[in-house]
Amino acid sequence: MSFDIDKALQLLEQEVQNYQVPVVDLIAVQTHDPFKVLVATILSARTRDEVTAQAAARLFAKAPTPQALALLDEKTLQQLIFPVGFYKNKARYLTALPEVLEKQFSFQVPDEIEQLTSLPGVGRKTANLVRAQGFGKPAICVDTHVHRIMNIWGYVQTTNPLQTEMALREKLPEHYWIRVNSLLVAFGQGTCRPVGPHCDRCVLDTLCPRIGVTPRKLKLAKTKKQAGIKRLISWNVNGLRAVAKNGFVDIVRDLAPDILALQEIKALPEQLPESVREMAGFTSYFHSAQRKGYSGVAIYSREPAKKVYHGIGEQRFDEEGRVLTLEFGDFYLVNCYFPNSRHDLSRLELKQEFNCAVHKFVDDLARDKSVVICGDFNVAHTEIDLANPAANTKNAGFTPEERKWLDSYIEEGWIDTFRQYNQEPGQYSWWSYRSNARERNIGWRIDYFFVDSASKTRIVGADILADILGSDHCPVTLDFK
Ligand code: SF4
């Protein structure tokens, strides 16, 4: 059955009304200026829209025209547009742009694809976007979202964006050409995401054949809940007050955990909004650091704990708010934020001491009943647990000492639950905020759920929810019976 493109695009028109407008469209609508659309499009490649918007605003304040741009040197341009992705290359293109525009086009941005692609830093995708958004002329800008989603729908069967553009030129009605990029970029960023598309809440649910798609699985299936299986989630939120302003309660509602363990809450309970401090449906437990705005862990549990342990009984660690343990009828949950050994490794020794203290703490608990230990361990275990192992062998989080400690943990029988289900590289839970690391999946797997060896048969599933945003870490899950 062929895909109903008219219906799909009509539905998306309604759907994306509440989505963020892609930055280049916004600049086109606000300025009606092909030069600004061209420059914003060059800046936007491999860069988040918020970063592009800020860099474009700084640049246009100094250089609203090609003539003004010609007065800025490359170094100044680098400073103005930083931190957009590949800012040095882009500054070089922008330095060369005014001269080419002057010599070949009398300082006017051209509107033909072949002319546009003769400009520095302008490829076919940029040229199509400038022609469509800057001039309102028919052109199909095929970026990664358009290419990907058109293939998911089976509307085209292509292997690269150029093939997709050519196929769409053949079959997509021309009145959709200009609009389709904006629609699918917004939709691809918001719902039909590259990793774990949100099919569970997609308006195209009944239309879409989902070719080659692995949808996200957020909630535990009802049958598993009925079988008494619990969904445990661990997430380093890197500031609970900040994530609270960005839909934390909605995210938790979507994820529907039975127990949610948070690290780096960086807050005292009284500093949190009531909706977060006492989240509906949960009993909440906090162990904040004495130092304000630092470290701290929390647990939300649907079932109240029998007993709560704050820390591990060593003041120098406990005052940093790093370990919170809940005791339930048949298991302990230990939520732990392991120290970072720092860039200069000045905290490596302390971290090793902390690791050993926690190790002893959980070994003691495991003599009594099952133990689940989760949190930000601040160490990638093996070479497949980070994107650039060779470059990081002497760096915090991948030093031989830290990895050896994790080895000893595993040698004793503690189980890295995620690796029970997934042996693939490229599965990360933390990405630097710099250099578009998350978009490029240059990350580390440093958040874990471990379970003691005697409880292996209680592990039902484990996953990484890489598409959940809000922190530089993403949540990791354990299904436990
Ligand atoms: S159903 Fe899933 S794959 Fe299809 S368009 Fe929606 S989010 Fe994308």
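Residues numbered from 1 in each chain as written. Predicted model: local features only at pLDDT ≥ 70, side-chain atom pairs only at ≥ 80, totals over all residues.

S.K.: Even after reading the chapter, I still don't get the nonpolar core, so can you show me in this structure?
M.R.: Buried together is how nonpolar side chains tend to be arranged in soluble globular proteins. If you look at the biggest cluster of nonpolar residues, it comprises 67 residues, and the most contacted ones within it are Leu-262, Ile-299, Leu-333, Val-372 and Phe-449. The dominant element in this core, judged by the number of residues it contributes, is strand β7 (residues 331-337), at 6 residues. Dropping the residues within four chain positions of it, Phe-449 is found in contact with Leu-232, Ser-234, Val-372, Cys-374, Thr-417, Phe-418, Ala-462, Val-476 and Leu-478. Ranked by size, the runner-up nonpolar core spans 55 residues in total, among them Val-37, Ile-42, Phe-60 and Ile-140. (Core = buried A, V, L, I, M, F, W, Y, C linked by C-beta atoms within 7 Å. Buried ≥ 20, exposed ≤ 12 C-beta atoms within 10 Å, placed from the backbone. Helix = DSSP H or I, 4+ residues; strand = E, 2+ residues; numbered from the N terminus. Contact = placed C-beta atoms within 7 Å.)

S.K.: Explanation requested: the sheet that holds strand β6 (residues 323-327) in the structure shown.
M.R.: One key point about sheets: their strands pair by backbone hydrogen bonds, in either a parallel or an antiparallel sense. The 6 strands lie next to each other as β5-β6-β7-β8-β12-β9, forming an open sheet whose pairing is mixed. In the strand order of this sheet, the two ends are held by β5 (307-310) and β9 (415-416), each with one partner. One ladder, built from 7 bridges, connects β7 with strand β8 (residues 370-376); its direction is parallel. Across the sheet, the residue bridging to Val-334 is Ile-373, located in β8. Its contacts with the sheet place helix α18 (residues 348-366) against β6, β7 and β8, and it is angled at close to 155° to β8. (Pairing = 2+ DSSP bridges. Axes fitted to C-alpha atoms, helices over the stretch in contact; angles between N-to-C directions.)

S.K.: Is there a simple way to explain the site of the ligand in this structure?
M.R.: In the vicinity of the ligand, 13 residues are found, and the nearest of them are Cys-192, Pro-197, Cys-199, Cys-202 and Cys-208. Broken down by class, the residue content of the shell around the ligand amounts to 9 nonpolar, 2 polar and 2 charged. (Near = placed C-beta within 6 Å. Nonpolar A, V, L, I, M, F, W, Y, C, P; charged D, E, K, R; others polar.)

S.K.: Can you help me understand the domain arrangement of the chain in this one?
M.R.: How big an interface is tends to be stated in terms of accessible area lost as the parts join. Here the chain is partitioned into domain 1 (5-201) and domain 2 (222-480). Measuring from the centre of the C-alpha atoms in domain 1 to the corresponding centre in domain 2 gives 39 Å. Counting residues at the interface gives 6 residues for domain 1, matched by 5 residues for domain 2. Its residues assigned to classes, the side of domain 1 that touches domain 2 comprises 1 nonpolar, 3 polar and 2 charged. (Domains from an automatic or database assignment.)

S.K.: Sorry if this is basic, but what is going on with the pairing of β8 here?
M.R.: Burial runs high along β8: 6 of the 7 residues are buried. Taken together, β7, α18 and β8 form a β-α-β motif whose crossover is right-handed. With 5 bridges connecting them, β8 and strand β12 (residues 447-451) associate as antiparallel partners. Along β12, the bridge assignment pairs Ile-373 with Phe-450. (Right-handed = clockwise from strand over helix to strand, strands pointing away.)

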